[in-house]
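Listed here are the chains, written in short residue letters.
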Amino acid sequence: MSILFSNEILDSVKRELQSATTSVQIITAYCKQTTFMRLNSFISEGVKDKRLLVRFRMDDVVKGSTDFSILEDALNDGWKVFIRFDLHAKTYIVDNKRGLIGSANVTNSGFSIGKSGNMEMATLVDVEPHDIDKINKLFDDAIAVDISLVEKLKSQIKTIKSPSDKNNYSWDKSILSLFNPHIETLFSYELPEGSVLRDGEYFAFIDETYSGNVDKLKEKFRWSNAYLWLLDVLKEHDGCLYFGELSKLLHDTMVSDPRPFRKDVKVLLRNLLNLILALDMEDIVIDRPNFSQRVRLKNTNAC
């Protein structure tokens, strides 16, 4: 296993794509049209199984991190295209045997194309069958893109007349509700260590420093594994759970060496719920009808 830097990554990906005989899978948070089509040109026409997974948040598209045209271009060239709003990974897999894993998005800066480039790192690895099972799970939970969805996304993009870097943009609920990932495990670092909104406060679990922009923090929080886990587990329990039940489920879900004590898990859960209240997350209602805190999905009358 060797470590690749910056321009070495493009050369390595090119060789791997050119060697593909049956399948190619590209997983990237950001995706630019010219860079993607350059990678696509390296793949033989005989390769029929091509899958692209991209994050594709509205904010990514409006602010130019990802090109909207990538959806139609990829579909037209025979790719199966998928969206995950929580995606951060950058991975390139060939024939389910070899993979390049690192920090390089499918962008010019990610692959050091042109005058400017990021300092990226990656490594080539042999891919085992159990790795492919995990990769397939990423796609299984993603939104499959078709022409109908492209048109819905396009109509929402057209409503934005004067984009601003100061604003945060998000698809409406008809799109967001299509993404229903199943979070099977959580690490302690994926949960908030605090819940106070004050300038300069760093929230490590979403890698974001609060600067007074509640909407920006809210959007980052919305796609955190902790929040997605909570939505998922509430749906599995008829939309409503009490604090004690939730803390047990969270304790059973968490993976650490050793697993955190139950009392520590309760603190992490309390931080999570306090942030939901502070950010006024519209999907969840938190109240205390008796002595125990109740957490439920909005418009759910259970418990």
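Scoring rules and cut-offs
Residues numbered from 1 in each chain as written. Predicted model: local features only at pLDDT ≥ 70, side-chain atom pairs only at ≥ 80, totals over all residues. Heavy atoms only, no water. Buried < 20%, exposed > 50% of the residue type's maximum accessible area, 1.4 Å probe, protein only. Helix = DSSP H or I, 4+ residues; strand = E, 2+ residues; numbered from the N terminus. Pairing = 2+ DSSP bridges. Contact = heavy atoms within 4.5 Å. Polar contact = N/O pair within 3.5 Å; in protein donor to acceptor, adjacent residues only side chain to side chain. Disulfide = S-S within 2.5 Å. Axes fitted to C-alpha atoms, helices over the stretch in contact; angles between N-to-C directions. Right-handed = clockwise from strand over helix to strand, strands pointing away.

(A) A look at the pairing of strand β12 (residues 284-287). Burial of the side chains of β12 is restricted to one face: Ile284 and Ile286 are buried, whereas none of Val285 and Asp287 on the reverse face is. In this sheet, strand β13 (residues 294-297) lies alongside β12 in antiparallel orientation, the contact comprising four bridges. Its bridge partner being in β13, Ile286 is matched across the sheet by Val295. Hairpin connection of β12 to β13: six residues between the antiparallel strands.

(B) Region of interest: helix α8 (residues 214-222). Among the residues making up α8, those that are buried are Leu217, Lys218, Glu219, Phe221 and Arg222. Structurally, α8 contributes buried residues whose contacts are with α7 (173-176), β9 (202-203), β10 (208-209), α9 (225-236) and α11 (262-278). A distance of 3.2 Å separates the backbone nitrogen of Asp215 from a side-chain oxygen at the start of α8, and that oxygen is part of Asn213.

(C) Layout of the state of the cysteines. Using the criterion set out here, one finds one disulfide in the structure. Each disulfide pairs two cysteine sulfurs, and for Cys240 the partner residue is Cys303, the sulfurs being separated by 1.6 Å. Note that Cys240 is positioned in strand β11 (residues 240-242) and Cys303 in the segment after β13, a separation of 63 residues in sequence. Cys240 sits in the buried class, given a relative accessible area of 6%. Classification of Cys303 as partly exposed rests on a relative accessible area of 43%.

(D) How the structure looks around the sheet that holds strand β1 (residues 3-5). One open sheet accounts for eight strands, arranged β1-β7-β6-β5-β2-β3-β4-β8; its pairing is mixed. The open sheet has two edge strands with one neighbour each: β1 and β8 (143-144). As defined by bridge partners, strand β5 (residues 91-94) adjoins strand β6 (residues 98-102) across four bridges and the pair is classed as antiparallel. When the bridges of β6 are listed, Thr91 appears paired with Ile101. This element, helix α5 (residues 129-140), spans β2 (23-28), β3 (49-54), β4 (80-83), β5 and β7 (121-126) of the sheet and lies at about 60° to β3.

(E) Expanded view of the pairing of β2. With six of six residues buried, β2 is to be regarded as a mostly interior element. Alternating residues of β2 divide into Ser23, Gln25 and Ile27 and Val24, Ile26 and Thr28, and every residue in both groups is buried. Bridge count between β2 and β3: six bridges; the pairing is parallel. The partner of Thr28 across the bridge, within β3, is Val54. One crossover worth recording links β2 to the parallel β3 by way of helix α2 (residues 33-41), and it is right-handed. Two elements, β2 and β5, share four bridges in a ladder whose sense is antiparallel. Bridged to Ile26 within β5 is Tyr92.

In short, the description is geometric, and any link to function would need to be established separately.
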